[in-house]
Amino acid sequence: MQYRGVRRTTSLHWLALVATLTVAASLLVATGPEPVLTVTGDVPNPERYSLEQLQKLRVMKVTARDHDGTEAEYTGVAVEELLRRAGAPIGEKLRGPALAKAVVVHAADRYQAVFSLAELDSGMNDRPTLLAWSRNNERLTAAQGPLRLVVPSDKRQARWVRQVTAIEVVSLDRPAITNAAMVPPPSLVPSPSKQ
């Protein structure tokens, strides 16, 4: 009698363990891969991407000159594509107030680079800005990636952000400063000296 109870208890423990592992595995599958990039800010459809999701988008390759002067081929996705998916005004929608939008690219170490939205639009720029995950068909190093911004049109690589974590669209819709606004009021203007 006692032997049968021990066997039943052991079976229940195994059943509970299998059920727990099954639930844990389904939770891991449901959450998917860890996101490496967010596209946020003044966009109607903010996005979060894992590296695998980015690699399923339209892949582009660009050849650009590195900081040391050597040419390299980078593979990734155009930043314009990510902005379009988030609902940023790209293409024919890029006019009027949309021209007062900027894009801030954020790095893991808090480094930032700013672009006008127009700079990233292929209708206004011949060379696409790329969010790359490989250089010369090799994964980026940990110091560079997993994602790096490649700006082939820049003569210096100051905006080639390493370890990119976020792309943020911001509106610069403040009133413009005009020459009239910069002129001091008449009471503050010195009167001409009499000679």
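See the structure shown above.
Thresholds, definitions, all that
- Residues numbered from 1 in each chain as written.
- Predicted model: local features only at pLDDT ≥ 70, side-chain atom pairs only at ≥ 80, totals over all residues.
- Heavy atoms only, no water.
- Helix = DSSP H or I, 4+ residues; strand = E, 2+ residues; numbered from the N terminus.
- Phe/Tyr/Trp six-rings, centres within 6.5 Å; stacked < 30°, edge-to-face > 60°.
- Buried < 20%, exposed > 50% of the residue type's maximum accessible area, 1.4 Å probe, protein only.
- Salt bridge = Lys/Arg side-chain N within 4 Å of Asp/Glu carboxyl O.
- Pairing = 2+ DSSP bridges.
- Axes fitted to C-alpha atoms, helices over the stretch in contact; angles between N-to-C directions.
- Polar contact = N/O pair within 3.5 Å; in protein donor to acceptor, adjacent residues only side chain to side chain.
- Contact = heavy atoms within 4.5 Å.

Undergrad: What am I meant to see in unusual backbone geometry here?
TA: Outside of glycine, negative phi angles account for most residues, and trans bonds account for most peptide bonds. Put simply, G145 and P146 share a cis peptide bond, and its omega is 20°. Considering the arrangement of structural elements, one finds P146 in the loop between β8 (138–139) and β9 (148–150). Unusually for a residue other than glycine, R110 sits at a positive phi of about 75°. As for its placement among the helices and strands, R110 is situated in the loop between β5 (101–107) and β6 (112–116).

Undergrad: Help me understand the packing of aromatic side chains in this model?
TA: The way to describe two aromatic rings as a pair is by their centre distance and the angle between their planes. Across all of its chains, the model carries one aromatic pair by this definition. Look at Y74 and W160: their rings are 5.9 Å apart centre to centre, the planes differ by 85°, and that puts the pair in the edge-to-face class. With a gap of 86 residues between them, Y74 in strand β4 (residues 71–78) and W160 in the loop between β9 and β10 (164–171) connect regions that are remote in the sequence. On the accessibility criterion, Y74 (0% relative accessible area) is buried. A residue is classified by how much of its surface remains accessible, and W160, at 4% relative accessible area, is buried.

Undergrad: Would you explain the pattern of salt bridges in this entry?
TA: Side-chain pairs of opposite charge can arise whenever the charged atoms involved come near each other. On inspection of all chains with the given rule, the structure shows nine salt bridges. Here E73 and K61 are joined by a salt bridge, their closest N and O atoms 3.9 Å apart. With E73 in strand β4 and K61 in strand β3 (residues 60–65), this residue pair connects regions lying 12 residues apart in the sequence. When the shortest N-O distance is used, the salt bridge between R65 and E71 registers 3.4 Å.

Undergrad: Looking at this structure, how should I read helix α3 (residues 79–86)?
TA: Within α3, six of the eight residues are buried, leaving the element largely enclosed by the surrounding structure. By the burial criterion, the buried members of α3 are V79, E80, E81, L82, L83 and A86. Count one or two residues on from α3 and you reach G87, which has phi positive near 95°.

Undergrad: Just checking my understanding: could you explain the pairing of strand β1 (residues 37–41) for this structure?
TA: Consecutive side chains along a regular strand alternate between the two faces of the sheet. Relative to strand β2 (residues 47–49), β1 is paired through three bridges, and the arrangement is antiparallel. Its bridge partner lying in β2, L37 is registered against Y49. Between β1 and β2, which pair antiparallel in sequence order, lie five residues. Two strands pair when backbone bridges link them, and β1 and β10 are joined in this way by four bridges, in the parallel orientation. What sits directly across from G41, in β10, is V169.

Undergrad: Help me out: how do you make sense of the sheet that holds β1 in this one?
TA: Paired through their backbone hydrogen bonds, the strands of a sheet run either parallel or antiparallel. Taken together, five strands build an open sheet; the order of strands is β2-β1-β10-β5-β6 and the sheet is mixed. Edge positions in the open sheet fall to β2 and β6, since each of these has one partner strand only. On average, each strand axis in the sheet is inclined to that of its neighbour by 15°, with strand direction left out of account. Here β5 pairs with β10 via seven bridges, running antiparallel.

Undergrad: Looking at this structure, I do not really get the side chain of N125. What am I missing?
TA: Along the polypeptide, N125 turns up in the loop between β6 and β7 (130–135). Here R127 takes part through its backbone nitrogen, which lies 3.1 Å from a polar atom of the side chain of N125. When neighbours within four sequence positions are excluded, N125 is seen to be in contact with E119 and S153.

Undergrad: I tried to follow the side chain of T129 on my own but got confused; where do I start?
TA: Mapped onto the elements, T129 comes out in the loop between β6 and β7. With a relative accessible area of 6%, T129 lands in the buried category. Once residues lying within four places of it in the same chain are set aside, the contact partners of T129 are V77, A78, V79, L120, L149, V150 and V151.

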